Amino acid sequence: MSKLYELTHNENELLALLQNFTEDQDSEMYEAIQEQLEFTRDDIDHTVDRITKMISECDAHADSREKESDRLANSARIFRNKSKRLANYLKYCFERDGTRSVKTETHEVALIKQSGKPALDIDESALPPAYFKAVQTIKVDRQKIWDDMGKTGDQIPGVRICERGYRLRISK
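Since we're looking at a predicted model, the values are computed, not measured. (Residues numbered from 1 in each chain as written. Predicted model: local features only at pLDDT ≥ 70, side-chain atom pairs only at ≥ 80, totals over all residues. Heavy atoms only, no water.)

## Considerations on the pattern of salt bridges
Using the criterion set out here, one finds eight salt bridges in the structure. A salt bridge links K53 to D49; its shortest N-O distance comes to 3.3 Å. Separated by four residues within a single helix, K53 and D49 lie in helix α2 (residues 27-97), roughly one turn from each other. A residue is classified by how much of its surface remains accessible, and K53, at 52% relative accessible area, is exposed. Exposure remark for D49: the relative accessible area of 36% places this residue in the partly exposed category. (Salt bridge = Lys/Arg side-chain N within 4 Å of Asp/Glu carboxyl O. Helix = DSSP H or I, 4+ residues; strand = E, 2+ residues; numbered from the N terminus. Buried < 20%, exposed > 50% of the residue type's maximum accessible area, 1.4 Å probe, protein only.)

## Some words on the confidence of the model for the chain
Overall, the predicted model of the chain reaches an average pLDDT of 87, with 94% of residues at or above 70. Across the chain, element-level confidence peaks in strand β1 (residues 101-103) with a mean pLDDT of 93 and bottoms out in strand β7 (residues 166-171) with 71. (pLDDT = per-residue confidence, 0-100.)

## Re the nonpolar core
Counting residues in hydrophobic clusters, the biggest one holds 10 residues: L120, I122, L127, Y131, V140, I145, W146, M149, I156 and V159. Every element with two or more residues in this core is listed here: β3 (120-122) and α3 (142-152). Setting aside residues up to four positions removed in sequence, W146 forms contacts with K117, P118 and L120. The next biggest cluster of nonpolar side chains, apart from the first, holds five residues, and it includes L14, L18, F21 and L37. (Core = buried A, V, L, I, M, F, W, Y, C linked by side-chain atoms within 4.5 Å. Contact = heavy atoms within 4.5 Å.)

## Focus: the packing of helix α1 (residues 4-19) against α2
At a minimum axis distance of 9 Å, the contact between α1 and α2 shows a crossing angle of 155 degrees. Judged by the angle between their axes, α1 and α2 are roughly antiparallel. Of the two possible hands of crossing, α1 and α2 adopt the one that is left-handed. On the side of α1, the interface is formed by L4, L7, T8, N10, E11, L14, L15, L17 and L18, while α2 contributes Y30, I33, Q34, Q36, L37, T40, R41, D43, I44, T47, V48 and I51. Its residues placed into classes, the contact of α1 with α2 shows 12 nonpolar, six polar and three charged. (Axes fitted to C-alpha atoms, helices over the stretch in contact; angles between N-to-C directions. Parallel < 35°, antiparallel > 145°, perpendicular 65-115°, else oblique. Left-handed = near helix turned anticlockwise from the far one by under 90°. Nonpolar A, V, L, I, M, F, W, Y, C, P; charged D, E, K, R; others polar.)

Set out below in structure tokens:
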């Protein structure tokens, strides 16, 4: 079976032969070239048909894999949500009972303080204007509050430091 580029090359050569054919030349030769041209065109049609079937098959495989990928992503999302719910349940039970850590055969679970800066409870109506920054909308400049509280150690009106929350750490 010839390749498509070979078949189209042959077709072009046969067409060139037919265009250069004069009436004085052998009619049997003309008929043979015509017949060969028909065979070549049939081969081209057959090859194009096989290629388009392969394209359709590849597209079908791709569609199938995309659907399977979506199904697996959805399944992963379900398991991730279940994992979060179970961790939140475990954290809730630890906080309710005052448990700080538990060691099992496979895991060590501890209720630990979250890292980073603790949350600020800000009463914007009592906050001095220096702690606001200009943006599209006026927002509290939390970084400036932290910077000023760190420099002077003074309490800023409208700001109260909150206790840090807890997060669950599971080690293997």
